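Read off the chains here:
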Amino acid sequence: MNQYLRLGKFSFGLGDRFGHQGRAQLQACVQAAELGADFIPVWNKSNREHTFIGTEPASLRAEADAAVAALGWKHSYHVDADHIRLETVDRFLAPSDFFTIDVADSIGQPASAAAVKAFAERHPELAGSVAIPHIDQPFAISRAEVERVASKFLLAVQEAGRIYRHIAKAKGAGNFITEVSMDETDTPQTPPELLIILAALADEQIPLQTIAPKFTGRFNKGVDYVGDGRQFAKEFNEDLAVAAFASARYGLPPSLKLSVHSGSDKFSIYEPMRLALKKFNAGVHIKTAGTTWLEELIGLAEAGGDGLAIAKEIYAYAIGHVDEFCAPYASVIDIDKTKLPSAAEVNGWTSEQFVSALRHDRKNPGYNPSFRQLLHVSFKVAAKLGDRYLDALKRHEAVIAKNVTENLFERHMKPLLLGAA
Ligand SMILES: [Zn+2]
């Protein structure tokens, strides 16, 4: 394919549960661009989130278009049908130009022995000592290992192919950006596994521009990375080397890059990521979503009065439904229930106390990651408030927008591309 819609080198996934922060989010990209850090904005919303909030994918396109028009954004921008599958993709086809194909459910379902054997025979280069530029030790991959990985992932790759072709038939190949996500699984993919998966995706003729592996460590929602930072850095470097190698070796698009899901708030690994990206002259896609909803709450709390009252009301409801709200997110949150203040205690808080507990400022002694994570998964409470919540967003737009922009620009974009101040 000569002509295809190409994703810029650095791109930033913007999630906006309630659809009111498009301009404030884009403003962060504007400010980053002024400093020479060009992030292409990609508004993403998953089928799951649309269902929880009761919105249609077209609303995200409308929000993106409106923000771009309002701010006079001259670069490209995209609308991502996030974590879609064959049975959920159709209503995303018209408004989206970026598709995150989620095949996690098919991972681990064994492929047929014939398909596994054919794959291993098609790819003798994957077995043995596999030297990858910029990786010190060549991978030692046995033929049995190639077959084990193929058996685990081939069905998922074939499913990705089916979904890709379904989208291409509707939109025309080359008119959209394709990402494949494997992050919502139990075990991380190692760099040698990533290499084998990329070879298989190329076989399936998917013009993959981003791939979201599951990295080592915990990428909890809305809080910092938990795990061995040195191990992450090593793996991230190796994944970058593998992606560059695979894109050349297997004819995947040269713009192929890693996508980091739950990428918000992982402050402790932004510096190793920045250094690795620089070393490889590589791009990256950082996908965020819920961090902006938390900034809405912070803005409401900071506004005081009825804004603070709504923030407290949401927390009071959430603390009464901890198990129910946390259950669907068990693998991506770590809440210490003993650290959760009671509703009565929070009711007595000032704006400053609420904001200190919620804002992701590791230097603030009042910061409470358990409080933050519980509110992260409690956006359904705000959805239930309906117009009361949306009207509050409008009333306190200025203070909320300031928080949304600052969070993305200061705490995310700057450290990722420019380094900590
Ligand atoms: Zn994901």
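Residues numbered from 1 in each chain as written. Predicted model: local features only at pLDDT ≥ 70, side-chain atom pairs only at ≥ 80, totals over all residues. Heavy atoms only, no water.

Considering the coordination of the zinc ion
Tetrahedral coordination by four donors puts the ideal angle at the metal at 109.5 degrees, and octahedral coordination by six puts it at 90 or 180 degrees.
Okay, step 1: The protein atoms donating to the zinc ion are His83 (NE2), Asp183 (OD) and His261 (ND1), with metal-donor distances spanning 2.0 to 2.2 Å.
Okay, step 2: Read in sequence order, the donor residues for the zinc ion give the motif H-x99-D-x77-H. Of this pair, Asp183 sits in the loop between strand S7 (177-181) and helix H6 (191-203) while His261 sits in the loop between strand S9 (257-260) and helix H8 (267-280), placing them 78 residues apart in sequence. Comparing Asp183 with His261, the two get one shared label, buried. (Donors = N, O, S within 2.8 Å, 3.2 Å for Na, K, Ca; no water. Helix = DSSP H or I, 4+ residues; strand = E, 2+ residues; numbered from the N terminus. Buried < 20%, exposed > 50% of the residue type's maximum accessible area, 1.4 Å probe, protein only.)

As for the packing of helix H9 (residues 290-303) against helix H14 (residues 369-376)
Okay, step 1: The interhelical angle for the contact between H9 and H14, taken along N-to-C directions, is 105 degrees, at an axis separation of 10 Å. Taken together, the axes of H9 and H14 lie roughly perpendicular to each other. Counted together, Gly290, Thr291, Trp293, Leu294, Leu297 and Ile298 of H9 and Arg372, Leu375 and His376 of H14 form the full contact between these two elements.
Okay, step 2: Each residue belonging to the contact of H9 with H14 can be placed in one class, and the counts come to five nonpolar, three polar and one charged. (Axes fitted to C-alpha atoms, helices over the stretch in contact; angles between N-to-C directions. Parallel < 35°, antiparallel > 145°, perpendicular 65-115°, else oblique. Contact = heavy atoms within 4.5 Å. Nonpolar A, V, L, I, M, F, W, Y, C, P; charged D, E, K, R; others polar.)

What about the environment of Pro57?
Okay, step 1: One can find Pro57 in helix H3 (residues 57-71).
Okay, step 2: Here Pro57 falls in the buried class, since its relative accessible area comes to 3%.
Okay, step 3: With 10 residues separating them along the chain, Pro57 and Asn47 place their C-alpha atoms 8.2 Å apart.

Examining unusual backbone geometry
Okay, step 1: Even without a glycine there, the phi angle at Ser262 is positive, about 50 degrees.
Okay, step 2: Inspection of the secondary structure puts Ser262 in the loop between S9 and H8.
Okay, step 3: Since its relative accessible area comes to 22%, Ser262 is described here as partly exposed.
Okay, step 4: Backbone geometry at Asn281 places phi at a positive 50 degrees, although glycine is not the residue there.

Some thoughts on the nonpolar core
Okay, step 1: One finds Leu198, Leu201 and Phe236 to be the most contacted residues of the largest nonpolar core, which totals 93 residues.
Okay, step 2: It is helix H5 (residues 143-171) that contributes the most residues to this core, 12 residues altogether.
Okay, step 3: In this view, Leu201 contacts Val157, Ala160, Val180, Ile206, Leu208 and Ile211; residues no more than four positions away in its chain are not counted.
Okay, step 4: Grouped together as the second largest cluster of nonpolar side chains are 40 residues, Leu340, Val355, Leu374 and Leu385 included. (Core = buried A, V, L, I, M, F, W, Y, C linked by side-chain atoms within 4.5 Å.)

A closer look at the pattern of salt bridges
Okay, step 1: Counted under the stated rule, the structure contains 34 salt bridges.
Okay, step 2: The partner of Arg91 in a salt bridge is Glu56, and the shortest N-O contact between them spans 3.1 Å. Here the residue Arg91 occupies a position in the loop between strand S3 (78-84) and strand S4 (98-102), and Glu56 occupies one in the loop between helix H2 (47-53) and H3, the gap between them amounting to 35 residues.
Okay, step 3: Residue class for Arg91 comes out partly exposed when judged on its relative accessible area of 31%.
Okay, step 4: Residue Glu302 is joined to Lys402 by a salt bridge in which the shortest nitrogen-to-oxygen separation is 3.4 Å. Of this pair, Glu302 sits in helix H9 while Lys402 is found in helix H17 (residues 397-418), placing the two residues 100 residues apart along the sequence.
Okay, step 5: Exposure remark for Glu302: the relative accessible area of 28% places this residue in the partly exposed category. (Salt bridge = Lys/Arg side-chain N within 4 Å of Asp/Glu carboxyl O.)

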